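# Fold and geometry: a report
Each chain, written out:
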Amino acid sequence: MSRDTQRQKVYDWENSQSWMIKKSYLTQGECHAVIKRLNKIYRKKVKLRFKNGHGSCWAFNQNDILIRNDWGRSYGVLLHEFAHCLSNDSHNGTFVSNYCLLLHYLHPEQPSIKDLVKSLNNANVDFIDFEKTLSRKILSKRLKPFTQVCTEPLPVPVKNVKTRVSAKQRVQKILDSWLHTNQPMTANYYDVAVYEYSGSKFVNVNGMEHSDVLDSWLEVEVCLLEAIEQRLHEHEDYK
Ligand SMILES: [Zn+2]
């Protein structure tokens with residue numbers, strides 16, 4: 001493998017082009033469809049994986065592509081990584097020319113060969129004769145480019161942090177809100193208590209046992225809520 005001497009030049013060049021958007025506007029499913037189609041066209045078996053975080057996107061061993069969910073799910077990035085699977089010269093000439101042909105034939109914007117060559121020369125990026133690439137043999141105007149889609153970045157799913165609250169904690173919360181109220185009348189009225197005896201649990205309302213033996217905190221919770229609701233109805237009658 002040759003030294004990766006013009007990597008930064010390639011990044012700078014592609015970042016200045018309208019067809020390159022380093023934001024995730026494709027779904028994972030759409031990305032899989034892109035790679036599946038490219039595999040079919042090139043008779044390859046490139047695998048696609050996703051990773052969270054802001055790090056790099058990668059192509060390994062011309063066979064594996066890793067795309068960052070945070071910014072890499074775009075046609076430009078997918079074609080860049082797939083071009084690595086068609087060459088093993090890092091970001092050098094063979095890679096650049098295969099990449100350009102992928103862009104020309106398959107990117108929805110279909111940049112012209114003339115514009116690509118011009119922008120490469122302006123950015124001082126080396127490339128090999130397009131005629132000598134694998135892509136020149138395989139790609140043609142008969143292939144339709146990928147579908148134009150909205151390039152607004154897709155919302156990043158918010159991590160669902162579940163704070164697990166146990167039934168016991170919920171019971172305690174109910175007791176707190178009904179017992180430690182600063183309204184003495186209400187506090188008296190809703191004198192609810194839970195106690196455990198010999199491994200079983202009981203709910204007690206206003207000094208009276210409200211339930212039979214309860215086996216779990218979930219049962220206590222249900223019973224407690226029932227008792228409070230009943231009391232609320234009774235309370236309404238006094239209004
Ligand atoms: Zn690259």
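Residues numbered from 1 in each chain as written. Predicted model: local features only at pLDDT ≥ 70, side-chain atom pairs only at ≥ 80, totals over all residues.

### What to know about unusual backbone geometry
In this structure, R43 takes a positive phi of about 50° despite not being glycine. For R43, the location among the structural elements is in the loop between helix 2 (28-42) and strand 1 (47-51). What makes R43 exposed here is the crowd of 7 C-beta atoms within 10 Å. Of note, Q62 is a non-glycine position whose phi angle comes to about 55°, a positive value. We classify Q62 as partly exposed; it has 14 C-beta atoms within 10 Å. (Helix = DSSP H or I, 4+ residues; strand = E, 2+ residues; numbered from the N terminus. Buried ≥ 20, exposed ≤ 12 C-beta atoms within 10 Å, placed from the backbone.)

### Observations concerning the environment of M208
Mapping M208 onto the fold places it in strand 6 (residues 208-209). A C-alpha to C-alpha distance of 9.6 Å links M208 and A193, two positions 15 residues apart in sequence.

### A word on the sheet that holds strand 1
If you walk across this open sheet you meet the 3 strands as 1-3-2, and the pairing is mixed. Edge positions in the open sheet fall to strand 1 and strand 2 (58-60), since each of these has one partner strand only. Averaged over all adjacent pairs, the angle separating strand axes in this sheet is 20°, with direction ignored. Sheet topology places strand 1 next to strand 3 (residues 64-68); 5 bridges connect them, and they run parallel. (Pairing = 2+ DSSP bridges. Axes fitted to C-alpha atoms, helices over the stretch in contact; angles between N-to-C directions.)

### With respect to the packing of helix 3 (residues 75-84) against helix 4 (residues 93-106)
Between helix 3 and helix 4, the shortest axis-to-axis distance is 9 Å and the interhelical angle comes to 140°. If you check the angle between helix 3 and helix 4, you find them oblique. In the crossing of helix 3 with helix 4, the sense of the turn from one axis to the other is right-handed. Contact with helix 3, carried on its side by L79, H80, F82, A83 and H84, involves F95, N98, Y99, L102, L103 and L106 of helix 4 and no other residues of that element. Residue composition of the contact of helix 3 with helix 4, grouped by class: 8 nonpolar, 3 polar and no charged. (Parallel < 35°, antiparallel > 145°, perpendicular 65-115°, else oblique. Left-handed = near helix turned anticlockwise from the far one by under 90°. Contact = placed C-beta atoms within 7 Å. Nonpolar A, V, L, I, M, F, W, Y, C, P; charged D, E, K, R; others polar.)

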